[in-house]
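Close look at the chain arrangement
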Amino acid sequence: MKLSWLLTGLISSACLLLAAPAQASKFTGWEFDASRNQLNFGTDNGVQPKATLLDGPCRLIVDLPGTKMTAATIRKQFGAAVREVRIAQADAKSTRLVMELAPGYSVSPQNIIIRSDLPSRWSIKLRSINRGVATATTGRVQPVPISPIIFAGVVPIGQEMLALKSQIQTLAAKYDYLSPGMFFMEVETGNYLDINGEKSFPAASTIKLPILMALFQAVDAGKVRMNETLTVRRDLITGGSGELQNKPGAKLSVLQTATKMIAISDNTGTNMIIDRLGGRAVLNRQFKNWGLRKTVINRLLGDFKGINTTSPADLVRLSALLAKRQLITEASRSKVLDILNQTENRKLLPAGLGKGAAIAHKTGTLGRLIGDAGIIIEMPNGKLYLAGIFVKRSFNDLRARDFVQAVSRLTYKYINDRQARL
């Protein structure tokens, strides 16, 4: 069944782990995948759900303390094992979600997985549903465990960097003609900054970052060789950044093409890599399997209208997987970092870093948007943090670049000063 958002899009701004939100949260949206029996939902501030399973009929009840609905009660029938999903304001301080199974179906608490990688975005999956098992009518109540919050499945979530968030919000007020989204995370502590981090933005050339990771995953699987030859075909040539558009028929190795894709953001080279990996649909399935929620290639490069999408949090998810040595081998990881270090545009995140820091990153630029995603930012003391930022702007407004530099500078100073005190 096709997923459909029934409320407004998510804007994530989470609170401290396992703590009650500092302010009331709003329930922002949900989707249900009937093929997987999975319900996804979000809030604009972090929440810690409480879940119980009731018999007669079998119902999973999930309460979101400190959360208010932004719309009337919702009831959606599906006619499958999960017959109905209901969402309503249970009381003045709590929103309630109910997943009711069809007659003759039941599920045990052990087969209910409630998990999150951010306190503002959760999923509920019924891993195994029993059919033809009579449901008791006793009204028995069973608690359902909630999984720990682990960002990208590899970094246990820490605390939101609220002092830094306040500084950046003060800065953003001076740039109120810009529309930013950002997500930063310390790898060691899991502490994070989230300002519209889950919001979908035009990916521009930052889409080349997950494409690069997919390429090296294919190399590790033996599906692609770095020294094999690619040809600049006319059907893959496009305008915008890069030099290969002027070299039809030229032959390059996969490694040379991938390096141009990142270092000089070559759009034609990117299309050559997409084509070699099997096309957009193959890559989009891969991105989804990695847990990237908003990262989609909807058309080949150059994507001058901004149809391809991602989010700051998605790019940091990918950064976290790389930092924690997931997805690709150690040899491929070293090569990915080497290529990302060759990015020639140093006017965004790198311009705000202090002496001794290094960044492996990929930028993206459209007339009305700029973005930058740092795979690993190395502090002088060897600590790591990850960064993803986008800014929507008036056409070619250079003040957006100044804003990104200022955010980078504030973040670097905050993290470096805090670590120096430890």
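See the structure printed just above.
Residues numbered from 1 in each chain as written. Predicted model: local features only at pLDDT ≥ 70, side-chain atom pairs only at ≥ 80, totals over all residues. Heavy atoms only, no water.

The next thing to look at is the sheet that holds strand β5 (residues 67-68). Each strand in a sheet pairs with another by means of backbone hydrogen bonds, the pair being arranged parallel or else antiparallel. Judged by pairing direction, the sheet is mixed, and its five strands sit side by side in the order β5-β1-β2-β11-β10 without closing on themselves. At either end of the open sheet lies a strand with only one pairing partner, and these are β5 and β10 (112-118). Strand direction decides the pairing type here: β10 and strand β11 (residues 121-126), joined by six bridges, are antiparallel. Residue pairing across strands places Arg115 opposite Ser123, the latter belonging to β11. (Pairing = 2+ DSSP bridges. Helix = DSSP H or I, 4+ residues; strand = E, 2+ residues; numbered from the N terminus.)

Now for the sheet that holds strand β3 (residues 50-54). With antiparallel pairing, the six strands of this open sheet are ordered in space as β6-β7-β8-β4-β3-β13. Every interior strand has two partners, whereas the edge strands, β6 (74-77) and β13 (141-144), have only one. Adjacent strand axes in the sheet meet at a mean angle of 20 degrees when their direction is disregarded. Sheet analysis places β6 next to strand β7 (residues 82-91), joined by four bridges and oriented antiparallel. (Axes fitted to C-alpha atoms, helices over the stretch in contact; angles between N-to-C directions.)

A separate point is the pattern of salt bridges. Per the counting criterion, the structure on display carries 24 salt bridges. Across the pair Glu160 and Lys165 runs a salt bridge, and its minimum N-O distance is 3.1 Å. Accessibility assignment for this pair places Glu160 and Lys165 in one class, buried. Between Arg233 and Asp275 there is a salt bridge, and its shortest N-O distance comes to 3.0 Å. (Salt bridge = Lys/Arg side-chain N within 4 Å of Asp/Glu carboxyl O. Buried < 20%, exposed > 50% of the residue type's maximum accessible area, 1.4 Å probe, protein only.)

Put simply, Gly56 and Pro57 share a cis peptide bond, and its omega is -10 degrees. Topologically, Pro57 is positioned in the loop between β3 and β4 (59-65). With an omega dihedral of -5 degrees, the bond running from Leu301 to Gly302 counts as a cis peptide bond. Tracing the backbone shows Gly302 in the loop between α5 (280-289) and β21 (309-310). Phi at Ala204 takes a positive value of approximately 50 degrees, unusual for a residue other than glycine.

Glancing now at helix α2 (residues 208-220). Between its first and last C-alpha atoms α2 spans 18 Å; for 13 residues at 1.5 Å apiece the expected length is 18 Å, and the two agree. With respect to burial, α2 is a largely interior element, 11 of its 13 residues being buried. Three or more residues of α2 are buried, namely Lys208, Leu209, Pro210, Ile211, Leu212, Met213, Ala214, Leu215, Phe216, Ala218 and Val219. (Expected span 1.5 Å × (residues − 1).)

Nonpolar side chains tend to gather and get buried jointly when the protein is soluble and globular. With 98 residues, the main nonpolar core has Trp30, Leu60 and Phe151 as its most contacted residues. Per-element accounting of this core gives the leading share, nine residues, to α2. With residues near it in sequence (within four places) discarded, Phe151 still touches Asp117, Leu118, Ile157, Phe183, Met185, Ala313, Val316, Arg317 and Ala320. By size, the runner-up hydrophobic cluster in this structure holds 28 residues, among which are Met161, Leu178, Ile195 and Val407. (Core = buried A, V, L, I, M, F, W, Y, C linked by side-chain atoms within 4.5 Å. Contact = heavy atoms within 4.5 Å.)

Let us look at the environment of Ala263. Considering the arrangement of structural elements, one finds Ala263 in helix α3 (residues 254-263). Owing to a relative accessible area of 12%, Ala263 belongs among the buried residues under this scheme. The sequence separation of Ala263 and Ile389 amounts to 126 residues, and the corresponding C-alpha distance is 19 Å. If we ignore the near neighbours within four places in the chain, the residues touching Ala263 are Gln342, Thr343 and Glu344.

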